[in-house]
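Topology and contacts: notes
Here is what each chain is made of, one letter per residue.
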Amino acid sequence: LRAAESTVTRSRPLLFLMQADFFYRTSKPEQAEQAMSRALEAAPGDAATIRAVARLRASRGEVEAALKAVDPLLAAKPSNDDLREAARWSLAVRKPDAAKALLARVQDGADRREQFATRLVQGMAALQEVISKQEQGDRAGMDASFAEVRTRLDEAAKLEPRSPIPHVSLGEIAMQMF
């Protein structure tokens, strides 16, 4: 019986998160917010629950709220995935300096998949700079920033030669620029 109680107790945050997702899908945002609060209360400080709440918020387009939700993780000892995800969200809300600061904290080590993921997000950050230079009408700055995008995506392609993501991304970006 204790094992069953333990399983139910560990699963409570997940159940609340499933409720929140259901309530959002059925256009009941107030109830969804309550369910997310209950998930966080059921597992205070639990990194997986915090991540799940943030991802649910981001999936709904509430990127600023997602960033705020992961603040406790980022202030403590975040994983590389936490840092990369927060960097992507920062880019989505046009905060490239925050994204670069988060990416500077990533420590990939020897894992090629980690390095690949980081290079892709670094490429996204460089792309944000291209967009900024384009908005300023700075063609030379655009070209220099595009060179950085290309460098990061080329590095990613070397890390995972079978992945089409760097090549397709570079092609799409080039088509948009010219």
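Residues numbered from 1 in each chain as written. Predicted model: local features only at pLDDT ≥ 70, side-chain atom pairs only at ≥ 80, totals over all residues. Heavy atoms only, no water.

The full count for this structure, using the stated rule, is 20 salt bridges. Notably, a salt bridge pairs Asp108 with Arg84, separated by 3.1 Å at the nearest N-O pair. On the criterion of sequence distance, the pair formed by Asp108 in the loop between α7 (96-104) and α8 (112-135) and Arg84 in helix α6 (residues 80-92) is long-range, its members being 24 residues apart. Arg84 matches Asp108 in its accessibility class, with the two residues each being buried. (Salt bridge = Lys/Arg side-chain N within 4 Å of Asp/Glu carboxyl O. Helix = DSSP H or I, 4+ residues; strand = E, 2+ residues; numbered from the N terminus. Buried < 20%, exposed > 50% of the residue type's maximum accessible area, 1.4 Å probe, protein only.)

In this section: empty space enclosed by the protein. Throughout the structure, instances matching the rule amount to 1 cavity of 30 Å³ or more. By volume, the largest cavity is sized at about 30 Å³. Counting residues per element, the lining of the largest cavity draws most heavily on α6, which supplies 4 residues. For the lining of the largest cavity, the class distribution of residues is 4 nonpolar, no polar and 3 charged. (1 Å grid on protein atoms, 1.4 Å probe; cavity = no way out; pocket = protein on both sides within 12 Å on 5 of 7 lines; lining within 4 Å. Points joined across faces, edges and corners; volume = space filled by probe spheres on them. Nonpolar A, V, L, I, M, F, W, Y, C, P; charged D, E, K, R; others polar.)

This part covers the nonpolar core. Ranked by internal contacts, the top residues of the largest apolar core, which has 20 residues, are Val70, Leu74, Ala86, Ala87, Trp89, Leu102 and Leu103. For this core, the elements supplying multiple residues, two or more each, are α3 (47-59), α4 (63-69), α5 (71-75), α6, α7 and α8. No other element matches α6, which puts 5 residues into this core. The contact partners of Ala86, leaving out residues within four places of it in the chain, are Leu67, Val70, Leu74 and Leu102. (Core = buried A, V, L, I, M, F, W, Y, C linked by side-chain atoms within 4.5 Å. Contact = heavy atoms within 4.5 Å.)

Packing of α6 against α7 leaves a shortest axis separation of 8 Å and a crossing angle of 170°. As judged from the angle between their axes, α6 and α7 are roughly antiparallel. The segment α6 lies against α7, with Leu83, Arg84, Ala86, Ala87, Ser90 and Leu91 engaging Pro96, Ala98, Ala99, Leu102 and Leu103. For the contact of α6 with α7, a count of residues per class yields 9 nonpolar, 1 polar and 1 charged. (Axes fitted to C-alpha atoms, helices over the stretch in contact; angles between N-to-C directions. Parallel < 35°, antiparallel > 145°, perpendicular 65-115°, else oblique.)

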